[in-house]
Amino acid sequence: MISLLAVMESGDGVETATIGREGAVNTMAGLGGRRAAGRAVVQVAGMSSQILASRFQSAANESPSIRNLIVRYNEAQVSAVYQSVGCNAIHRVEARLCRWLLQTRDRTPSDTLPLTQEFLSEMLGVQRTTVTLLARQLQDAGLIRYRHGRVEIVDRRGIEQKACECYSTVRSQMERVFS
């Protein structure tokens, strides 16, 4: 899983979107885009492939199907970024944390996620103590199990109920791209 970050001059960043096995980083290169808008950081290790931007652009130029997929995927990614901005500004941190856990789970092969509280605080743009408190509350409610550097989703349905609508909105957008 890869996080796309908006990075400030101070070096602080906040996640704007996540990419898993369903997507790709910098797909705008296939349409001639030259520069990524943020920083891409691998958050959960896994297999990946890469292609030179020039070869990707050639493939897109030669195949209307590839070009169409790139356009649809980029539209969904932009929508996800808009949703993330609104989510970060409006929704409670607990709902955002649950959304983030679900998005991460969708992009990884296990209910056990290799996530530290420090990492989660950076992705959510909040203090580590806030994540500690919320993780304890979710664990006490029987929704997750937390051990140092690992979060296990125990009750996915319960996490979905606590997540904001942004999770289902972004998921639906991606499902439409790949339908």
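Look up: the structure comes first, before these words.
Residues numbered from 1 in each chain as written. Predicted model: local features only at pLDDT ≥ 70, side-chain atom pairs only at ≥ 80, totals over all residues. Heavy atoms only, no water.

Here's the deal with the packing of aromatic side chains
Geometrically, a pair of aromatic rings is defined through the distance of the ring centres and the angle of the planes.
So, step 1. Overall, the coordinates contain one aromatic pair when judged by the stated rule.
So, step 2. Ring geometry for Trp100 and Phe119: centres 5.3 Å apart, planes at 70°, overall edge-to-face. Placement of the pair is Trp100 in helix α3 (residues 93-106) and Phe119 in helix α4 (residues 117-124), with a sequence separation of 19 residues. Both residues of the pair, Trp100 and Phe119, count as buried. (Phe/Tyr/Trp six-rings, centres within 6.5 Å; stacked < 30°, edge-to-face > 60°. Helix = DSSP H or I, 4+ residues; strand = E, 2+ residues; numbered from the N terminus. Buried < 20%, exposed > 50% of the residue type's maximum accessible area, 1.4 Å probe, protein only.)

Things to note about a nonpolar patch on the surface
So, step 1. Residues Met28, Leu31 and Val71 make up a contiguous nonpolar surface patch of roughly 220 Å² in combined accessible area.
So, step 2. Note on placement: Leu31 falls in the loop between β2 (13-19) and β3 (39-42).
So, step 3. A relative accessible area of 37% places Leu31 in the partly exposed class. (Patch = residues over 30% accessible without salt bridge, like charges linked within 9 Å, V, L, I, M, F, W, Y side chains within 5 Å. Areas by Shrake-Rupley, 256 points an atom, 1.4 Å probe, with all protein chains shown as cover. Salt bridge = Lys/Arg side-chain N within 4 Å of Asp/Glu carboxyl O.)

A look at the side chain of Ser3
So, step 1. You can see Ser3 is positioned in strand β1 (residues 2-7).
So, step 2. Using a relative accessible area of 0% as the deciding quantity, one classes Ser3 as buried.
So, step 3. In this structure the side chain of Ser3 is engaged in a polar contact, spanning 2.4 Å, whose partner is the side chain of Glu15.
So, step 4. At 3.4 Å, the side chain of Ser3 forms a polar contact with the side chain of Gln43.
So, step 5. In this view, Ser3 contacts Glu15, Ala17, Thr18, Arg39, Ala40, Val41, Gln43, Trp100 and Met123; residues no more than four positions away in its chain are not counted. (Polar contact = N/O pair within 3.5 Å; in protein donor to acceptor, adjacent residues only side chain to side chain. Contact = heavy atoms within 4.5 Å.)

Regarding the side chain of Thr104
So, step 1. Inspection of the secondary structure assignment puts Thr104 in helix α3.
So, step 2. Apart from residues lying up to four places away in sequence, Thr104 is in contact with Met1, Val44, Leu113 and Leu115.

Some details on the sheet that holds β1
So, step 1. Spatially, the three strands line up as an open sheet ordered β2-β1-β3, and their pairing is antiparallel. Of all the strands in the sheet, the pair left with one neighbour each is β2 and β3. Neighbour-to-neighbour, the strand axes of the sheet open up by a mean angle of 35°, direction not taken into account.
So, step 2. Here β1 pairs with β2 via six bridges, running antiparallel. What sits directly across from Val7, in β2, is Gly13.
So, step 3. α4 contacts β1 and β2 of the sheet and is inclined by roughly 95° relative to β2. (Pairing = 2+ DSSP bridges. Axes fitted to C-alpha atoms, helices over the stretch in contact; angles between N-to-C directions.)

As for the nonpolar core
So, step 1. Counting 27 residues, the largest nonpolar core has Trp100, Leu101, Leu115, Leu120 and Ile144 as its most contacted members.
So, step 2. Elements supplying a minimum of two residues to this core: α3, α4, α5 (128-140), β5 (144-147) and β6 (150-153).
So, step 3. Ranked by the residues each element gives to this core, the list is headed by α3, at five residues.
So, step 4. Listed in part, the five residues of the second largest apolar core include Ile19, Ala76, Met174 and Val177. (Core = buried A, V, L, I, M, F, W, Y, C linked by side-chain atoms within 4.5 Å.)

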